[in-house]
Amino acid sequence: MQFTLKARDLDSAIRRKVEEISGENVYACYQCGKCSAGCPSAYAMDVIPSQIMRFLQVGLEEDLLGSNTPWICASCEICSVRCPRGIEVARIMEALRHASLRKRLDRIAIQGIPAPAIKETPPIALVSAFRKMTS
Amino acid sequence: MTAPSTCVFICRCDAAGVDAQSAAALAEDVSAAFPDAAAHVVESGCSPRGIGGIVESARSLGCARVLVASCAPGLHMTAFRGMLANAGTAECLVVNPFPDGAGPAQRKKAFEAVRDAMGKLAPCAEPRREKPVPRALVVGGGVAGIQASLDIANAGYKVTLVEKESSIGGHMLQLSEVFPTLDCPQCIMTPKMVEVAQHDNIDLRACSEVEFIEGEAGKFRAVIRRKAAFIDWAKCTGCGECSAACPVEIYSDWDRGTARKKATSRPFAQAVPNKFRITKNGVSPCRAACPAACNAHGYVAFASQGKWAEAYSLITERIPFPGIVGRVCPHPCEDACHRRGVDQAVSICVLKRFVADRMRGREPLPVPAPDHGKKVAVVGAGPAGLTAALKLKLKGYKVCVFEASDRPGGMLVWGIPSYRLPRDVVRDELALPAKLGVEMHFNRRLGPDISVDGLRREFDAVVLALGAGKSWKLGIEGENLGGVTGAVEFLARVNRGEVASVRGRVLVIGGGNTAFDAARSAIRLGAENVTIAYRRSIEEMPANPGEVEGAGAEGVKIVFLATPLRILGDGKAGAVEFLRNELGPPDKTGRRRPVAVQGSEFRIEADLVVSAIGQAPDAPFLDNDARFAFRKTGALDVDMVTLQTGVKGVFAAGDVVSGPDTVVGAIASGMYVAESVDLFLTGADPSFGREPPALNVVEKPDLRAARAGERAKAAEKAPGARRGDFTEFDLGITEEQAIAEARRCLNCAGCCECMNCVKACEPKAVDHAMQDRFEEVEAGAVVLATGYDLYPVAKIEEYAPDPDVIDGLQFERLLCPSGPTDGRVLRPSDGKEPKDVVLVACAGSRDPEHHKPYCSRVCCLYSTKLAMLYRHAVHGGKVHYFYIDVRTDGKMYEEFYQRAQQEEGVNYVKGKVSKIYRVGDRLRVLGADLLAGKSVSVDADMVVLAMAMVPNQAGIDLGRKLGIAMNEHGFMTEQHGLLMPLESSRPGFFFAGTCQGPKDIPECVAHASGTAGRVLSFFGRKSRPAEVKKEPASAVAGQGS
Amino acid sequence: MKYGYYPGCTLKKNAASFEKSALHVMKAAGIEFREMKVWNCCGTSFGLTKDMLIHQIAPVRNILRARQEGFDAIVTLCSICYNTLKRADSFISSDSMVKRRITGFLDEYGPYEGGFPVFHLLEVLEDRIGLGAVSKLAIRPLSGLRAAAYYGCMLVRPAELGFDSMERPGRLRRFLKALGAEPVDFPLSTECCGAYHAVGEPATAAEFSRKIIDDARLRGAEIIVTGCPLCHHNLDRGQAEIIRAWPGFNPMPVMYFTQAAALAFGEPAAGLGFESNFAPPQVLLDRLAGAAAGREAPR
């Protein structure tokens, strides 16, 4: 797999958007991998968190928005608290989710959840799932 | 025209941002304010032309004092000074008048800067610069300090090398092999260390620290603290017998916890100086708490090694009857024991009993001093009297003991029951005084048989150790009824065999040991119903810990918070009426005072009422003798410093003075009074110098070497089977238990002062009384080579603590062939050989958010080296090395790394480890493999962290004292980061090695040699000529010439 | 200190047992509290975007209401509510533009500079009531029950919450010890339970929870104690999903720290809501029944 790196890729729209939404600086990342190492969801991600950071640095928008990574993220914030550069990676994930959600590309459809499940599931789970996965 | 007093050269150029107008304005202002100074503007003063011009002008103007106003004064100072000095200028200062740029707005500030600087120019009269004292003070004996010392010494100058440990060598000597050559550091360094030790020009001061340095560059006066090693190195041959004889094991800093060391030790076999040193942290709290000043720490240390004879000798230096004391003592030593902070106190008392029982029949006998003729009489053969008699006999006195009863022991045989203190033990131990020649006279009572005056005539001194053998009366109605007795009297009758059995209900009033002795004896004698009534609560009860539980197990009932009002009965006792109490505020003993609750009367039925509320001496004849006074408690009044009574030469000791006290208290009193008598009889003042020495008791013990283990439980006879059984119910502990128990000791004080090393040292080099001393050294320059340490593993909470998560230096000790495991890799938790090892790079470094922001430079290489050494040492062992980047910036480093990867099978994984935790007997490592794009989990047997290098704390502390600039991590700051990396901004102070920043060994050596070079050129500078030549002023130079 | 009790939505519905037991505990401990008259959902997680300030309205409004109702502080039981409320408040305190916009939007509550105290009940019990007092209230101590202290994410992260150490927390351990239990610390006690994946990705949530339960079990735990209704849901109800993927999985009882305390304080187990547990805490109930009958159940 190859991509052509153009100057504008270092200043990509997706990176700028993510930085604006999250308030984080992706270039602070020096690719140590600690976020990926401690992430409890990494085993199920197609792109691990440190790769997400790299993709943002070089503007690989399709790979970013096509990955399941931000949706498998559980916002546990272990990545944020262990990062040696103090980057809040969890905010990056949130911003990536919002990059889709703000275009109304929801990850889960509320209508698709059967009524008994809605009844049984605690509000805390429902509301936080809707917050993270729907617009 | 006379020469100007000062020349001011104002330098300008575009690069520095100083325009011609500003420079000219400044010159104008200076001239106006200082008419006798010459102010000139110079173009590009630092260019060869410019500086040449300045020098020429100064010389031709005959200026002795020069002020140069230029940019970067720090850099330019040396250059200008040097050149001007050669031109005969006495004094030169450089100042930057335009730190924030030049312009009209800065004019005033610029002038003020120059004016202030001119004020600092000293008046020029004497030669300002002497030749520096030709000696360098090098602080720190690691590889850098050694190199710098050798270079300077080989050039013909003197060096004083100060090292805080007892050997030079530093961390390098801890390593197994060094990269990239895999040389053995001990092999390559020891020749250099020996060279240092034998060099004519080097004064090696190991086991020393710099206390302070004053003075200035060229002439420093330093004071060095020569710390006491407690071994005289002039005599020490390095044979190691002291260490072999030492029973104490403590944490080894050298082995970083992978092994323990003895309190008397040498860091490694090739140490230079090759001398031993004793680690003392103060006095263990157990020793300080013992009333008899018994060396509890010492005998426990001996016990930990099964050295029973040595333990016995040490105990009996202060406590002559260990089998007795080890059975009845309330052991204040255990209350003070720091092991309590971990789990429970060490069983110091039970260990004393074990030692005594183990040595019974084979006790080494002390040898008394030769008889010198003086005679002392001791009245009373209880523990106080016998101890005094023994001590005096050992000092060479003739001693006679007069005892009212028919056998020795006092309370030991007439009070304490035999189930607590077997009579054969008492008989055997108390035979000692007679064995040594003390004359024992029984059935001699003071009063009817002997008198104080009679004894005083016959003997040179008398000691009254009469005890307190009379029970206090309850002072209540009905005390005269039949069936009411004092506890002491009751126990005496029991011990004389006069009480075959006790029927009925027994009530004991009181809460001390005597009350329990009476109650538990009554149970054994068949009483169906025994109750103890105490007026306070269980917290205030003075009886030995364990008595309440033991009595309860035997069936004794205890009633708390009850005060007796009256004894009821018809001719003989039938019941006792009590009043309930509550606890009020504390009284002067600190215990809460019982306060009666009105209207709460109740009764306890009893056929035998035993009063155990206190005791007083039983000495009616002394009572009637006006020369002897008694206190309200009934105790004999004596001078509390000398223990002398109102009659000269008559002393008293033990319970007769203190009231009922412990056996160990009586023994301590006996020791003390023997001292008093000895002073008295040798013509000295017995009140002089009697204060106990102030002890530096260890407050915070080092727990790092603590062994795990629960307090030993002694076997006991079943409580239910104790009726009718006066034999000892506490069966004590086994030898295996005793050794394990003694090994629980934390060795708080380090050295226990058992003096075994003194005995073992043939050249008699050991000196426990050694003090630190101070040495003054004059030096022209100081080289700081204080070295590094590693950032602590415990700071990374997601990795540690775990015994098998270690740092690089600990791993080096395990790999080192001369290390604690002889080079076998055995993991700390269980001593097994790890088959899978994970190395984690950048542990604590490159982490600005939580730890150190910098890269520690050497870790990539040393981790690679450790990985290879591990693979060499463990056949088939696997290594996974988690890194962020592999940095190989030195000569042959890249080749070394590639060899590790290609040939040595080290698995390099790019991804920082997030968490390490234990699963069973393995460690789970959560990492990432970024190049494979996945997170990864590895189960390993051991994890080695490449911890960041930090400056040695002792170096930081010294730097602060000396006013050396350091950065926020404690690394010393160079005068100029690029061009002057070898010296501090404080003149005369130079650096060598890692105290300035992390570096590997070749860099340390190069750095140190470079520093030596700087020092040598400093030493070699010309001194200033005595006079300044003055020539008539010539044309103003500077604008081209 | 007058505490405004903020339950959060789930405490009124699925986690009613959490609330019921907590009310017992707070009354017994003498905490002066009253449920806030008006409150809304906290938002169930702190909004991690810097620009979508509407996510901060819900939590901040609760704080402003508590202040308006005259309370000195908020006390809450749910870890997520605690995390959300506290961080929202910290966000507006630290950023003046955000403060202006949000307090401007909520100007019916008057000016607000931030800093209204928000406590988790464990903090109040340890720091204000004192564990000594808690021990005294535990008239029926949990007699050596090996209880795993599970914190989850939201109590300990990020460090600015100041509730406890992020990597080596101890509050729950000390609390359980004060109740007479034998607390079990385990390395995965701060790992995520699966959180909101309970809704969209139940298999993933199950896997998260399984790892945690297995680790606790490895360290000898008989029961897991938690302080968050979402963690309880994932760890307890989620076991149905775990068993689907791992049929041999042994159920592990889960309870709230307030249920543990209420039991220790002498409340009968029957009223504390254990019926809704997937894996009922039989081991605990038997242990307590045994102790009540005057015998120590053998361990």
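Predicted model only: the values in this text are computed from it and were never measured.

**With respect to the overall build of chain C**
Okay, step 1: Per the secondary structure count, chain C includes 13 helices and eight strands.
Okay, step 2: What you see for chain C is a C-alpha radius of gyration of 19 Å, in line with the 19 Å of a compact globule of 299 residues.
Okay, step 3: For the C-alpha atoms alone, the extent of chain C along its principal axes is close to 60 × 45 × 30 Å.
Okay, step 4: In chain C, of all internal contacts separated by at least 6 residues, the share reaching a separation of at least 24 is 78%.

**Some thoughts on the overall build of chain A**
Okay, step 1: Per the secondary structure count, chain A includes nine helices and zero strands.
Okay, step 2: When the helices and strands of chain A are listed from N to C terminus, the series reads α-α-α-α-α-α-α-α-α.
Okay, step 3: The C-alpha extent of chain A, read off along each of the three principal axes, is 50 × 30 × 30 Å.
Okay, step 4: Counting over 135 residues, chain A shows a buried share of 51%.
Okay, step 5: Excluding contacts between residues fewer than 6 apart, the proportion of contacts in chain A whose partners are at least 24 apart in sequence is 67%.

**Points about the interface of chain C and chain B**
It is common to give the size of an interface as the accessible area lost on bringing the parts into contact.
Okay, step 1: Each partner contributes residues to the interface: chain C has four residues there, and chain B has four residues.
Okay, step 2: Residue classes in the side of chain C that touches chain B are distributed as two nonpolar, no polar and two charged.

**What about the domain arrangement of chain C?**
Residues and elements named next belong to chain C.
Okay, step 1: Partitioning chain C into domains gives domain 1 (3–121) and domain 2 (130–292).
Okay, step 2: Taking only C-alpha atoms into account, the centre of domain 1 sits 24 Å from that of domain 2.
Okay, step 3: Taken residue by residue, the interface counts 23 residues in domain 1 and 23 residues in domain 2.
Okay, step 4: Contributions of two or more residues to the side of domain 1 that touches domain 2 are made by helix 1 (16–28) and helix 3 (79–94).
Okay, step 5: Take the side of domain 1 that touches domain 2: its biggest share by element is nine residues, from helix 1.
Okay, step 6: Class assignment for the residues of the side of domain 1 that touches domain 2 results in twelve nonpolar, nine polar and two charged.

**Things to note about the domain arrangement of chain A**
Residues and elements named next belong to chain A.
Okay, step 1: Domain parsing of chain A yields domain 1 (7–103) and domain 2 (108–135).
Okay, step 2: The C-alpha-based centres of domain 1 and domain 2 are spaced at 25 Å.
Okay, step 3: Taken together, the residues that form the side of domain 1 that touches domain 2 break down as two nonpolar, one polar and two charged.

**Thoughts on the sheet that holds strand 4 (residues 118–120) of chain C**
All names here are of chain C.
Okay, step 1: Pairing in this open sheet of four strands is parallel, and the strands run 2-1-3-4 from one edge to the other. The open sheet is flanked by strand 2 (33–35) and strand 4, the only strands paired with a single partner. The average undirected angle you get between the axes of adjacent strands in this sheet is 35°.
Okay, step 2: Pairing of strand 3 (residues 73–76) with strand 4, which is carried by three bridges, proceeds in the parallel orientation. What sits directly across from Ile74, in strand 4, is Val118.
Okay, step 3: The sheet strands contacting helix 3 are strand 1 (3–6), strand 3 and strand 4, and the helix crosses strand 4 at an angle near 155°.

**Notes on the sheet that holds strand 8 (residues 208–216) of chain B**
All names here are of chain B.
Okay, step 1: Pairing within the open sheet is antiparallel, and its three strands lie in the order 8-9-32. Lying at the two open borders of the sheet, with one neighbouring strand each, are strand 8 and strand 32 (773–779). Geometrically, the sheet is characterised by an average inter-axis angle of 20° between neighbouring strands, direction not taken into account.

**Side note on the packing of helix 27 (residues 808–815) of chain B against helix 28 (residues 859–873) of chain B**
Relative placement of two packed helices is described by the angle separating their axes and the distance separating the axes.
Residue and element names in this part refer to chain B.
Okay, step 1: Where helix 27 meets helix 28, the closest approach of the two axes is 11 Å, and the angle between their N-to-C directions is 30°. On the basis of the axis angle, helix 27 is roughly parallel to helix 28. Crossing hand, helix 27 versus helix 28: left-handed. Residues Gly808, Phe811 and Leu815 of helix 27 touch helix 28, and the partners they reach there are Tyr862, Leu866, Leu869 and Ala873.
Okay, step 2: For the contact of helix 27 with helix 28, the residue count by class is six nonpolar, one polar and no charged.

**Description of the interface of chain A and chain C**
Okay, step 1: On the side of chain C, 33 residues touch chain A, which itself brings 32 residues to the contact.
Okay, step 2: Within the residue set of the side of chain A that touches chain C, elements represented by two or more residues are helix 1 (13–22), helix 6 (78–82), helix 7 (89–101) and helix 9 (123–133) of chain A.

**Concerning unusual backbone geometry**
Okay, step 1: With an omega of 5°, the peptide bond running from Ala800 of chain B to Pro801 of chain B counts as cis.
Okay, step 2: Secondary-structure assignment places Pro801 of chain B in the loop between strand 34 (788–790) and strand 35 (805–807).
Okay, step 3: Cis geometry marks the peptide bond from Arg157 of chain C to Pro158 of chain C, where omega comes out at -5°.
Okay, step 4: Relative to the assigned elements, Pro158 of chain C resides in the loop between strand 5 (146–149) and helix 7 (171–178).
Okay, step 5: For Gln31 of chain A, which is not glycine, the phi dihedral falls at a positive 60°.
Okay, step 6: Among the structural elements, Gln31 of chain A can be located in the loop between helix 1 and helix 2 (34–38).

**Comments concerning the confidence of the model for chain C**
Okay, step 1: Averaged over all residues, the pLDDT of chain C is 92; the fraction at 70 or higher stands at 97%.
Okay, step 2: Confidence drops under pLDDT 50 across residues 295–299 of chain C; counting only partners more than four residues distant or on other chains, this segment forms nine contacts.

Thresholds, definitions, all that
Throughout this description, residue numbers start from 1 for each chain and increase along the sequence as written. Lettering for chains starts from A, numbering for ligands starts from 1, and both go in the order in which the items are written. With pLDDT at 70 or above as the cut-off, local features in this predicted model cover only qualifying residues; side-chain atom pairs require 80 or more to be listed or tallied, and sums for whole chains, interfaces and linings still use all residues. Numbering of helices and strands runs from the N terminus, with a helix taken as a DSSP run of H or I at least four residues long and a strand as a DSSP run of E at least two residues long. With C-alpha atoms as the basis for the radius of gyration, the globule rule is written as 2.2 Å multiplied by the number of residues raised to the power 0.38. Contact definition: two residues whose C-beta atoms, as placed from backbone geometry, lie within 7 Å. Remark: C-beta atoms are placed from the backbone, and a residue is labelled buried if 20 or more other C-beta atoms sit within 10 Å of its own, exposed if 12 or fewer do, or partly exposed between those counts. Each residue gets one label: Ala, Val, Leu, Ile, Met, Phe, Trp, Tyr, Cys and Pro are nonpolar, Asp, Glu, Lys and Arg are charged, and the others, such as Gly, are polar. Either an automatic procedure or a domain database provided the assignment from which the domain bounds are taken. Pairs of strands are assigned from DSSP output, requiring at least two bridges between the strands. Structural elements are reduced to axes, namely lines fitted to C-alpha atoms, with helices fitted over the stretch in contact, and the angle between N-to-C directions of any two is expressed from 0 to 180 degrees. Should an angle fall under 35 degrees it is called roughly parallel, over 145 degrees roughly antiparallel, and 65 to 115 degrees roughly perpendicular, with every other angle called oblique. Definitions for this section: a left-handed crossing has its near helix turned counterclockwise from the far helix by less than a right angle. A right-handed crossing has that turn clockwise. Looking at any residue, its pLDDT shows the predictor's confidence there, from 0 to 100.

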